[in-house]
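Summary of the model geometry
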Amino acid sequence: MSESTIASASGTTAVVLEAEALTKHFPVRRAAREVVKGTARTVHAVEQVTLRLRRGRVTALVGESGSGKSTVARLLAQLYPRTSGEIRLHGEPVTVRGGRKFRAYSKKVQLIFQDPFASLNPVHTVRYHLGRALKIHGNGGRNRAELETALRELLTRVSLTPPERYLDKFPHELSGGQRQRVAIARALGADPDALLADEPVSMLDVSIRLGVLNLLRDLKERLQLAILYITHDIASARYFADETLVMYAGRIVEGGDSETLTQHPAHPYTRLLIDSAPDPDRGAHENDLPEKVDSLAALGKDNARAEPPSLIDPPAGCRFHPRCPQAMARCRTEVPPRFDIGDGAGHWAACWLYAVDDPARESAGEPAGEPVS
Ligand code: SF4
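The structure contained in this document is the topic of the report that follows. Just so we're clear, the structure is a prediction, and the values are computed from it rather than from any experiment.

1. Structural notes on the pairing of strand S4 (residues 84-89)
- Pairing of strand S1 (residues 15-27) with S4 involves 5 bridges; the strand directions are antiparallel. When the sheet's bridge partners are listed, Thr23 is paired in S4 with Ser84.
- The turn linking S4 back onto strand S5 (residues 92-93) is made up of 2 residues, and His90 within it adopts a positive phi angle of 50°.

Below, the structure is given as structure tokens:
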């Protein structure tokens, strides 16, 4: 069975953008010694990732830094060529390498970056940024008056009102939240079907994150956008996303509807992520990460302190096995397929604990999962 991980919980809404067995390897620049020996090293950044973004739904892709989630977004945006796998837009396979084809693709699939200040040109006004996006994608109207109307509508859509207060401002005259709203408005200028939001609130003050997430949720509902929400914060995924995928060291290891996955995490890595996330119900002392890791260690989870593996030479079998408190012999050699957890629509985990023939699970009297094709 393929190790592919299907991203979607069951749902009947139309698939807008999908990736099938998406893989990206980056060659590492070779030292002279390696050139002489003819050896080459490769970063295995994304491995066999399959996901589906549906109309009017938010899919969160959660993982720690370096897990490959931003690379997935750039592959889906066709900013990086993929090593293998397929990307389909409205069911049609697409591969673009710049030029007109890229422009046509980016009209349908827009990427929002983490740092709104870096993504806006400091020498141009809001009017310039939004007007350019509207004109490039053919949404600027037939004359100046129609362009002005479209500009005002864009700003109103992202709640920067009254629009005339913002149109002629430069990025440095705006707050971080306002800049990210302008970046979102610029993406909407293309009138896209899918938004890829790469950590869209992680550089904003905590006090304004919720406002930007609520804006994205509102856009999802009103415009029926398919949104990929990339984050390292699993708590925000629970709040904001309809379904959640968890990524570790280049692979997606668990997926399902956000409520089920965060309330009943199945994969040991997801449990570690949730245990490490701040929880208002636990109190300040318990939320301290080193304390939390210590408590995991006290439970025999000594490897909780370990670093994620090198993606140049990733561990064989399950990539989480060097850190996993429940690792078994087969975890070190065999890549786990995904198994249906059976507790919610589409909830699955790529973990041998859920294999039908897993002796530990059978002796504990737990129901065994079925591999999902
Ligand atoms: Fe741990 Fe094995 Fe499951 Fe990987 S497959 S998470 S090593 S139990």
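2. Remarks on helix H7 (residues 176-188)
- Look at H7: 18 Å from first C-alpha to last across 13 residues, which is about the 18 Å you get at 1.5 Å a residue.
- Of all 13 residues in H7, 11 are buried, a share of seventy percent or more.
- Packed against the buried residues of H7 are strand S6 (109-112), helix H4 (116-119), helix H5 (126-136), helix H6 (144-157), strand S7 (194-198) and helix H8 (206-223).

3. So, unusual backbone geometry
- The amide bond that connects Thr161 to the next residue, Pro162, takes the cis arrangement and shows omega of -5°.
- The residue Pro162 is located in the loop between H6 and H7 in this model.
- Located in the positive-phi region is Gln48, a residue other than glycine, with phi close to 55°.
- Along the chain, Gln48 turns up in strand S2 (residues 42-54).
- A count of 18 C-beta atoms within 10 Å places Gln48 in the partly exposed class.

4. Some remarks on the sheet that holds S4
- Here 4 strands make up an open sheet; going across it, the order is S2-S1-S4-S5 and the pairing antiparallel. Each edge of the open sheet carries a strand with a single partner, namely S2 and S5.
- Bridge analysis of S1 against S2 gives 9 bridges, and the strand direction is antiparallel. Of the residues in S2, the one forming a bridge with Leu22 is Val49.
- Against the sheet, helix H2 (residues 69-76) engages S1, S2 and S4, with an angle of about 115° to S1.

Parameters and conventions
Residues numbered from 1 in each chain as written. Predicted model: local features only at pLDDT ≥ 70, side-chain atom pairs only at ≥ 80, totals over all residues. Pairing = 2+ DSSP bridges. Helix = DSSP H or I, 4+ residues; strand = E, 2+ residues; numbered from the N terminus. Expected span 1.5 Å × (residues − 1). Buried ≥ 20, exposed ≤ 12 C-beta atoms within 10 Å, placed from the backbone. Contact = placed C-beta atoms within 7 Å. Axes fitted to C-alpha atoms, helices over the stretch in contact; angles between N-to-C directions.

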